[in-house]
Amino acid sequence: MDRHTLTLRRMRQNRHVRELARETRVSREQLVQPLFAVDGISSPEPISGMTGVMRETPVSLLKTIERDLEAGTTKFLLFGVPARKAASGFDFSFTAGRIADIKKHFGEDLFLAVDICLCSATTHGQCGILSPGGDHVENNATVEELARAAGEYAAAGADCVAPSDMMDGRVAAIRENLDRARLERTLVMSYSAKFCSRFYGPFREAADSAPKGDAKLKDRTSYQIDPARYRDALMSSRRDDIEGADILMVKPGLPYLDVLSRLSLEIPKPWAVYEVSGEYAAVELMAGQGLMDGPAAHVECWTSFVRAGASMIITYGARKAGQWL
Ligand code: PBG
């Protein structure tokens, strides 16, 4: 071989040198486990495609968290699913009650973020309050309800509130509401670059939040970001940064790695990435068919998120990290 050939395989030849050369590492400290607390079910229920994740009752939720903490998972993102749906004037007490419960049992042993959206609480499954004609989601009326939810959840003890609705101005309204209530230490994690994606399928079953069929509005294209618009994600994230978000997010993960990579260079705040239900389920389903090594594939995805600039990963596999990493 020519002496001047660039030889790269020496540093690939065994585990030891590969470990030494690695620039990107994933550690379980970076992972956030989503939780579903469902009102009105009598026992935990599985979710299609989502191995190891359940729709929990208030009682099973605490047991699950206890087990997660024993296994070393300490960060959570809670989704509350109320039984009573409404079109406006929502009742946030079910989710607030779960937050208070969790904090009473586990206090500072865990970090609890809570999703802020209305889609699990509306009769129609849209992420906000519909116009009288039912043809669009009203921005400002929705923002008022979101800010009220954030205030109630923070008062119940949430460490972080995470608006996922994609209304304009919600971060500013939430921050203002929290500060006015002297909840100035509660973090806001904004789903600032949330795309209108097909990969949310399994989640919508879990959270009972799919847009219902007979409504005029059939999807979320009028508020979530078009997959073809990087610059919309850029403007949305810059705005949420200025409005006071502490953590910004790209969601989904793998199909939007380029967005994560560019945005995390553009804005110096911490970046989260959400490996959404469809991404997680895709790996699980292939692994279940014997088509790939599931744990290694999950770790490969997580590595790519960190390489692209995420400092934290929201993933349904967080509770397995001890075994997988
Ligand atoms: C609520 C919300 C969604 C997800 C998180 N918050 C679904 C949606 O926007 O339809 C998706 C999470 C996942 O798929 O894992 N708006």
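Preceding block: the structure.
Q: Requested: an account of the site of the ligand, with residues and values cited.
A: Around the ligand there are 18 residues in total, and Lys194, Arg204, Lys251, Ser277 and Tyr316 lie nearest to it. One of the side-chain N or O atoms of Lys251 is found 3.3 Å from a nitrogen atom in the ligand. Compared with its free state, where it exposes 400 Å², the ligand has 100% of that area covered by protein. Residues belonging to the shell around the ligand are distributed by class as follows: ten nonpolar, three polar and five charged.

Q: Give me helix H5 (residues 170-180): which residues, what numbers.
A: Those residues of H5 lying buried are Arg170, Val171, Ile174, Arg175 and Leu178. The arc that holds the buried residues of H5, viewed along the axis, is 130 degrees, so those residues lie on one side. Opposite the buried face of H5, at more than 90 degrees from it, the exposed residues are Glu176 and Arg180. Elements that come into contact with the buried residues of H5 comprise helix H4 (139-156), strand E8 (160-163), strand E9 (187-194) and helix H7 (230-242). Positive backbone phi, at 60 degrees, marks Arg182, one or two positions downstream of H5.

Q: If you had to explain unusual backbone geometry to someone new, which residues and values would you point to?
A: Glycine aside, residues mostly have negative phi, and peptide bonds are mostly found in the trans state. The amide bond that connects Lys251 to the next residue, Pro252, takes the cis arrangement and shows omega of -10 degrees. The phi torsion at Met166 lies on the positive side, around 75 degrees, for a residue other than glycine. In this fold, Met166 is placed in the loop between E8 and H5. Even without glycine at this site, Asp208 takes up a positive phi of about 55 degrees.

Q: Describe the pairing of strand E10 (residues 247-251), naming the residues involved and giving the relevant values.
A: Along E10, five of the five residues are buried, which leaves the element largely enclosed by surrounding structure. Alternating residues of E10 divide into Ile247, Met249 and Lys251 and Leu248 and Val250, and every residue in both groups is buried. Relative to E10, E9 runs parallel, the two sharing four bridges. What sits directly across from Met189, in E10, is Ile247.

Q: Outline the pattern of salt bridges, listing residues and values.
A: If you walk through the whole model with that rule in mind, you get 18 salt bridges. Across the pair Lys103 and Asp159 runs a salt bridge whose closest N-O atoms are separated by 2.9 Å. Highlighted residues: Lys103 in helix H3 (residues 93-106) and Asp159 in the loop between H4 and E8, separated in sequence by 56 residues. Lys103 gets classed as buried once you look at its relative accessible area, which sits at 15%. Judged by its relative accessible area of 22%, Asp159 falls in the partly exposed class. Between Arg180 and Glu176 there is a salt bridge whose closest N-O contact spans 3.5 Å.

Cut-offs used in this document
- Residues numbered from 1 in each chain as written.
- Predicted model: local features only at pLDDT ≥ 70, side-chain atom pairs only at ≥ 80, totals over all residues.
- Heavy atoms only, no water.
- Near = heavy atom within 4 Å.
- Polar contact = N/O pair within 3.5 Å; in protein donor to acceptor, adjacent residues only side chain to side chain.
- Areas by Shrake-Rupley, 256 points an atom, 1.4 Å probe, with all protein chains shown as cover.
- Nonpolar A, V, L, I, M, F, W, Y, C, P; charged D, E, K, R; others polar.
- Buried < 20%, exposed > 50% of the residue type's maximum accessible area, 1.4 Å probe, protein only.
- Helix = DSSP H or I, 4+ residues; strand = E, 2+ residues; numbered from the N terminus.
- Arc of directions from axis to C-beta.
- Contact = heavy atoms within 4.5 Å.
- Pairing = 2+ DSSP bridges.
- Salt bridge = Lys/Arg side-chain N within 4 Å of Asp/Glu carboxyl O.

By themselves, these figures tell us nothing about what the structure is for.
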